[in-house]
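For reference, the chains in residue letters:
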Amino acid sequence: MSTDTPDAPSDDAPSDDPPSRTELAARVDELEEALVEATTEDDTKKMSIIATKGTLDMAYPPLILASTAAAFGYEVTVFHTFWGLDILHEERSKNLKLSSVGNPNMPMPNAVAAIPGMDRVTTKMMEKKIADNDTATIEELLETSLDMGVEFQACQMTIDLMDYDEADFYDGVTTGVGAATALQDMVEADIQLLV
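Predicted, not measured: the structure shown is a model, and the values here were computed from it. Each chain carries its own residue numbering, running from 1 in the direction its sequence is written. For this predicted model, a pLDDT threshold of at least 70 governs which residues receive local features, and a threshold of 80 or more governs which side-chain atom pairs are given and counted, while totals over whole chains, interfaces and linings are taken from all residues. Heavy atoms from the whole structure form the basis of all side-chain values; hydrogens and water molecules are not counted.

Asks: If you had to explain the pattern of salt bridges to someone new, which residues and values would you point to?
Replies: Note on definitions: salt bridges are taken to be side-chain nitrogens of Lys or Arg within 4 Å of carboxyl oxygens of Asp or Glu. Scanning the entire structure with this criterion turns up four salt bridges. Between R92 and D86 there is a salt bridge, with the nearest N and O atoms lying 3.4 Å from each other. Owing to a relative accessible area of 13%, D86 belongs among the buried residues under this scheme. Note that K128 and D132 form a salt bridge whose closest N and O atoms lie 2.6 Å from each other. Note that K128 and D132 are positioned in helix α4 (residues 118-132) at a spacing of four residues, about one turn of the helix. With a 1.4 Å probe rolled over the protein chains alone, any residue whose accessible area is under 20% of its type maximum counts as buried; one over 50% counts as exposed, and the rest are partly exposed. A relative accessible area of 51% places K128 in the exposed class. By relative accessible area, which is 56% here, D132 ends up exposed. In DSSP terms, a helix is any run of H or I states spanning at least four residues, a strand is any run of E spanning at least two, and both are numbered starting from the N terminus.

Okay, here's the thing in C-alpha cells:
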C-alpha cells in the first residue's frame with residue numbers, strides 16, 4: 001500500500017510566487033537593452049569593388065570610385081584579381097598600357113590600331129592627357145585611398161598563379177585574401193561593383 005505524499009519543493013524548482021516589482025523592473029531593463037543592441041544599425045555604408053583588369057584606362061575606375069566613396073564615409077574594400085593585381089604592384093602600376101585594338105572609343109580604326117607599336121602611342125597620348133589635365137596618377141590615387149582607409153586586397157590565388165612577389169606591392173595592400181573573403185565583403189556591402 002502506497003501513500004501519496006507530495007514531494008517537498010526543491011531549491012531548483014520554479015517558485016509559484018509572482019516576481020516582485022524589483023525583479024520585473026530589472027527584467028524589463030535587460031530586455032530594453034537587448035532590444036537596443038538588436039535594433040541599433042551600424043550607419044557606416046560599405047562598398048565592395050572587384051578589379052580584374054590592369055590596363056591604364058581600367059585602373060582609374062576602381063581607384064576613383066574607392067577614394068570618392070571613402071571621402072563620403074563608406075568603408076571600402078577593393079579585391080584585385082588576375083591582371084587587376086598590376087594596379088597594386090609598385091613597378092607595374094607605373095607602366096600600365098592602353099590597348100588601342102578593340103577599344104570602340106579610340107579615335108582610330110582597328111586596322112590602324114593593330115599596327116605594331118600603336119599601343120605605345122595610345123598609352124603616351126593618354127599619359128599626356130592625364131598630365132595636361134592635372135589628373136592624379138595611379139600611385140597618387142592608391143596612396144590617397146590607403147590614407148583614407150580603403151582596403152586593397154590582392155587575390156592570393158592570382159599571386160601564386162602569376163608568380164608575384166608580395167613584397168612588390170604597395171605598402172598597406174592586404175595579401176593572402178581569397179575569393180571567399182571577397183564574396184563575404186560583397187554580401188555585407190551596400191554597393192557591389194565589378195570593374
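Asks: So what about unusual backbone geometry? Which residues, and what values?
Replies: Although it is not a glycine, F82 sits at a positive phi angle of roughly 45°. Mapped onto the fold, F82 is located in the loop between β2 (75-80) and α3 (110-113).

Asks: Got a sec to walk through helix α5 (residues 138-147)? Specific residues and values, please.
Replies: Listed in full, the buried residues belonging to α5 are I138, L141, L142, S145 and L146. For α5, the angular spread of buried residues about the axis comes to 130°, placing them on one side. Just downstream of α5, G149 is the residue with a positive phi angle, here 95°. Regarding the arc, it is the one traced by the directions from the helix axis to the C-beta atoms.

Treat this as a map of the structure, not an account of what it does.
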